[in-house]
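# Tertiary structure, described
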Amino acid sequence: MTRRRPRTPTAPLPQRDGIDPVRVRLPVEGPWPTVRDHLVERLAAGAEVIDPMLAAGRIVRTDGTPVHPGDPYEPGAHVWFHRDLRPEHPVPFPVEIVHRDEHVVIADKPHFLATTPRGSHVRETALARLRRDLGLPQLGPAHRLDRLTAGLVLFVVRPEERGRYQTLFRDRLVRKEYEAVAVHDPAVELPVTVRSRIVKERGVLAAREVPDGEPNAESGVRLDGLRGPLGRYRLTPHTGRTHQLRVHMNRLGLPILGDPLYPEVAPPTAPDDFRRPLQLLARTLEFRDPVTGREHRFESGRELAAWTSYASWAAD
């Protein structure tokens with residue numbers, strides 16, 4: 001018997017700048033006499049933020065009615081609100097649209113722009129921009145790219161179809177190819193398939209390879225061109241571990257240019273410093289559409305700066 005997932009309650013608040021409201025579920029059991037007491041204890045914002053929000057009616061129940069400061073605790077209920085967002089440095093590069101139909105949007109994401117809201121990157125994300133610019137408030141990602149990686153991302157227009165496109169990535173039915181620029185080393189024999197076990201610990205910036213356990217990451221690497229001391233590489237990930245291509249290129253002794261984590265974690269740059277992007281691009285996506293049955297192949301129109309204008313890029 002198939003167990004159905006609990007249905008997510010419909011948000012009683014509209015999006016703001018392409019950002020969904022926050023939903024908080026109140027535990028079934030707990031010592032809190034009021035909803036306010038639980039929120040003050042649970043949320044890092046504290047009473048100095050929660051109390052004014054309650055007074056202004058900005059925290060609401062699923063039916064849209066506001067929660068008042070003295071309202072008794074409601075076990076298992078949901079409350080909703082919009083966070084007060086911190087200012088973000090605008091990423092001064094556009095999100096290009098490669099393809100759009102009634103089912104999907106294929107976006108060509110620039111470097112430095114996160115795919116979805118997370119941490120300090122909320123408004124300045126591809127998802128928030130596309131929801132606003134295309135007027136598609138229910139748009140959702142089928143997968144993600146690292147913030148520092150540019151290239152193709154598949155977004156799904158209809159929430160009820162999103163799972164079918166996500167399954168393509170889960171089941172490795174999407175053929176992906178990346179392009180990278182790194183220093184050329186003729187001693188590295190290519191093409192090669194790199195396999196290893198990669199782990200990424202919460203709170204640690206860089207992933208790492210470990211010797212024990214079965215490999216969980218596999219990447220194909222081939223040299224696609226030479227330009228002075230540089231090589232352009234075609235990378236084919238057969239799995240989807242965090243930072244996989246960056247880790248595997250570093251393992252080969254070919255760290256990708258502009259990488260702030262591999263081989264060593266570099267000091268953080270200013271949030272408005274966009275001079276040296278990671279030279280990694282999600283170049284192509286190929287898949288059979290699970291809804292229409294059509295075969296798709298999409299290609300990024302972006303170019304890696306270190307390859308097209310190495311002298312000026314290096315000077316920055």
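Here, every reference points to the structure presented above.
Parameters at a glance
Residues numbered from 1 in each chain as written. Predicted model: local features only at pLDDT ≥ 70, side-chain atom pairs only at ≥ 80, totals over all residues. Heavy atoms only, no water. Phe/Tyr/Trp six-rings, centres within 6.5 Å; stacked < 30°, edge-to-face > 60°. Helix = DSSP H or I, 4+ residues; strand = E, 2+ residues; numbered from the N terminus. Buried < 20%, exposed > 50% of the residue type's maximum accessible area, 1.4 Å probe, protein only. Pairing = 2+ DSSP bridges. Core = buried A, V, L, I, M, F, W, Y, C linked by side-chain atoms within 4.5 Å. Contact = heavy atoms within 4.5 Å. Arc of directions from axis to C-beta.

We now examine the packing of aromatic side chains. Scanning the model with the defined rule gives four aromatic pairs in all. Residues Trp-32 and Tyr-73 carry aromatic rings whose centres are separated by 5.3 Å and whose planes lie at 45 degrees to one another, so their mutual orientation is tilted. Placement of the pair is Trp-32 in the loop between strand S1 (22–25) and helix H1 (35–42) and Tyr-73 in the loop between strand S2 (60–61) and strand S3 (78–81), with a sequence separation of 41 residues. The pair formed by Trp-32 and Tyr-73 is uniform in burial state, with each residue classed as buried. Summarising the aromatic geometry, the rings of Phe-287 and Phe-298 are spaced 6.1 Å apart at their centres and angled 45 degrees between planes, so their arrangement reads as tilted. Of the two residues, Phe-287 sits in strand S13 (residues 280–288) while Phe-298 sits in strand S14 (residues 295–299), which places them 11 residues apart along the sequence.

Another aspect to go through is the pairing of S3. Here S3 shows a buried face lined by His-78 and Trp-80 and a second buried face lined by Val-79 and Phe-81. Here S1 runs beside S3; their pairing, made up of four bridges, is antiparallel. Looking at S3, one finds that Val-22 is bridged to Phe-81. Across two bridges, the pairing between S2 and S3 is antiparallel. Paired with Val-60 across the bridge in S3 is Trp-80.

A general feature of soluble globular proteins is that nonpolar side chains tend to end up buried together. If you look at the biggest cluster of nonpolar residues, it comprises 34 residues, and the most contacted ones within it are Leu-139, Phe-155, Leu-235, Met-249 and Leu-280. Contact partners of Leu-139, with chain neighbours within four places excluded, come to Val-105, Leu-127, Leu-130, Arg-131, Phe-155, Val-156 and Val-157.

Our next topic: the side chain of Asp-71. One can find Asp-71 in the loop between S2 and S3. If we ignore the near neighbours within four places in the chain, the residues touching Asp-71 are Pro-33, Thr-34, Val-35, Arg-61 and Pro-66.

Here helix H2 (residues 47–55) has its buried residues at Ile-50, Met-53 and Leu-54. Buried residues of H2, viewed axially, fall in a sector of 100 degrees; they line one side. Residues of H2 that are exposed and angled more than 90 degrees away from the buried face: Glu-48 and Ala-55. The inward-facing, buried residues of H2 contact H1 and S3.

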